[in-house]
Amino acid sequence: MNWLLNALTSTIGRKILMALTGIFLILFLVVHLAGNLQLLKGDGGVSFNLYSEFMGHNPLIQTISIANFALILTHIVVSLVLTQRNRKARPVQYAFVDNSSTWSSRNMGILGTIILLFLVFHLQAFYFPAKTGRLSEVTIDGVIVENMYEATVAAFTQWWIVLLYVVSMVGLGFHLWHGFQSAFRTLGIDHPKYFPFIKWFGKAFSILIPLGFAIIPVYMFVTHQ
Ligand code: HEM
């Protein structure tokens, strides 16, 4: 067990942990977006409410949810430890910025903080009300379910919340722009033959996924006036 602890607490071990948790969170984003896109269906929230009810009560999903929170926490804590280490190793900043680095790669900490602040807001708006029984209920096909759709309409009909989501998704996009390819490079998946594709895919992903999330509040704002 000692070798595992040593591996995980070494700098390279921490980088690998960042990469693995990052890739899991990338997968979470895909599933989460696919579910939330049901808000665009225009069926008065029927599909979205049924989906939310399933996600909120299925025991397997609940277990994955706990793992998800643990991974988010690990990703944040390890990033803070790595940053602290880098600062100690290099107390004076470089006078010249490496031209090959991108704006995203130099500002991963700030971008991560934007996403964290977004998450705090997001969870108090949707997750905690669901977990503490503060949502109203609606009957669909004779079954009583929590009305998560109503909560999303209440949030996304306020312009400042829509703006907050759009700005946060720009931050998420920049974070993924560097993070996606960086995770694969850290794991050694950087063969010259395949890496250009991974880089291209990562860039497309970092535009399309945040765009998909941003469209939802904008669409709901426009269609609920
Ligand atoms: C329009 C955009 C989004 C909508 C409408 C949305 C909606 C929701 C809803 C309704 C829940 C509560 C689910 C439940 O407990 O039943 C939730 C949970 C959550 N959302 Fe979002 N979400 C959006 C974007 C995002 C983004 C961009 C992220 C990450 C950066 C995110 C991260 C999370 C997390 C971590 C949870 C807790 C999930 C869990 O149980 O593991 N969401 N979201």
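Here, the structure is the one placed above.
Residues numbered from 1 in each chain as written. Predicted model: local features only at pLDDT ≥ 70, side-chain atom pairs only at ≥ 80, totals over all residues.

J.: Help me out: how do you make sense of the overall build of the protein in this one?
T.: A tally of regular secondary structure across the protein gives nine helices and two strands. Counting from the amino terminus, the protein carries its helices and strands in the arrangement α-α-α-α-α-α-β-β-α-α-α. Each of the three principal axes of the protein carries a C-alpha extent, and together these read 60 × 40 × 35 Å. Look at the contacts in the protein between residues 6 or more apart in sequence, and 76% of them connect residues 24 or more apart. (Helix = DSSP H or I, 4+ residues; strand = E, 2+ residues; numbered from the N terminus. Contact = placed C-beta atoms within 7 Å.)

J.: Looking at this structure, how should I read the site of the ligand?
T.: With respect to spatial proximity, 20 residues lie near the ligand, and among them Gly56, Ser65, Asn68, Phe126 and Ile216 are the closest. Listing elements by their share of the shell around the ligand, those giving two or more residues are helix 2 (11-36), helix 3 (46-57), helix 4 (59-89), helix 6 (108-131), helix 7 (148-156), helix 8 (159-186) and helix 9 (195-223). Sort the elements by how many residues they give to the shell around the ligand and helix 6 lands first, with six residues. Split into classes, the residues belonging to the shell around the ligand amount to twelve nonpolar, eight polar and no charged. (Near = placed C-beta within 6 Å. Nonpolar A, V, L, I, M, F, W, Y, C, P; charged D, E, K, R; others polar.)

J.: Would you take a moment to explain the pairing of strand 1 (residues 137-140) for this structure?
T.: Regular strands have side chains that alternate between both faces of the sheet. Here strand 1 pairs with strand 2 (residues 143-146) via four bridges, running antiparallel. Across the sheet, Ile140 pairs through a bridge with Val143, a residue of strand 2. Connecting the antiparallel pair strand 1 and strand 2 is a turn made up of two residues, with Asp141 showing a positive phi of about 50°. (Pairing = 2+ DSSP bridges.)

J.: So what exactly am I meant to see when it comes to the packing of helix 7 against helix 9 here?
T.: Each packed pair of helices is defined by two parameters, the angle between the axes and the distance between the axes. Here helix 7 crosses helix 9 at 80°, and the two axes come no closer than 9 Å. Viewed along their axes, helix 7 and helix 9 adopt a mutual orientation that is roughly perpendicular. Note on element contacts: helix 9 touches helix 7 through Pro217, Met220 and Phe221, opposite Thr152, Val153 and Phe156. Within the contact of helix 7 with helix 9, the residues separate by chemical class into five nonpolar, one polar and no charged. (Axes fitted to C-alpha atoms, helices over the stretch in contact; angles between N-to-C directions. Parallel < 35°, antiparallel > 145°, perpendicular 65-115°, else oblique.)

J.: Would you explain the environment of Val81 in this entry?
T.: Assignment of secondary structure puts Val81 in helix 4. Owing to 15 C-beta atoms within 10 Å, Val81 belongs among the partly exposed residues under this scheme. C-alpha separation for the pair Val81 and Thr9, spaced 72 residues apart in sequence, amounts to 9.9 Å. (Buried ≥ 20, exposed ≤ 12 C-beta atoms within 10 Å, placed from the backbone.)

J.: Before we go on, may I ask you to explain unusual backbone geometry in this structure?
T.: Peptide bonds are trans in most cases, and residues, glycine excluded, mostly fall at negative phi. Positive phi values are uncommon outside glycine, yet Asp141 reaches one of about 50°. Assignment of secondary structure puts Asp141 in the loop between strand 1 and strand 2.

J.: I tried to follow helix 8 on my own but got confused; where do I start?
T.: Because each turn of an α-helix spans 3.6 residues, side chains separated by three or four positions end up pointing in the same direction. Taking 1.5 Å of rise per residue, 28 residues should cover 40 Å, and helix 8 covers 40 Å from first to last C-alpha, within 8% of that figure. Within helix 8, the axis deviates most sharply at Leu176, by approximately 30°. Looking one or two residues beyond helix 8, the residue adopting positive phi is Gly188, at roughly 80°. (Expected span 1.5 Å × (residues − 1). Bend = angle between axes of the 7 residues up to and from the residue.)

J.: Help me understand the environment of Thr63, please; the structure alone is not making it clear to me.
T.: Relative to the helices and strands, Thr63 is located in helix 4. Thr63 gets classed as exposed once you count the C-beta atoms within 10 Å, which come to 10. Residues Thr63 and Val138 lie 75 residues apart in sequence; the distance between their C-alpha atoms is 26 Å.

J.: I tried to follow the nonpolar core on my own but got confused; where do I start?
T.: Nonpolar side chains in soluble globular proteins tend to be buried together. Phe48, Met148, Met169, Leu176, Ala183 and Phe213 are the most contacted members of the largest nonpolar core, which has 23 residues in total. Elements with a contribution of two residues or more to this core: helix 2, helix 7, helix 8 and helix 9. It is helix 8 that provides the largest number of residues to this core, a total of ten residues. (Core = buried A, V, L, I, M, F, W, Y, C linked by C-beta atoms within 7 Å.)

J.: How should I be thinking about the environment of Arg90 in this particular structure?
T.: Along the polypeptide, Arg90 turns up in the loop between helix 4 and helix 5 (103-106). Residue classification places Arg90 among the exposed positions, given that 9 C-beta atoms sit within 10 Å. Residues Arg90 and Gly35 lie 55 residues apart in sequence; the distance between their C-alpha atoms is 44 Å.

What is shown is where atoms sit, not what they do.
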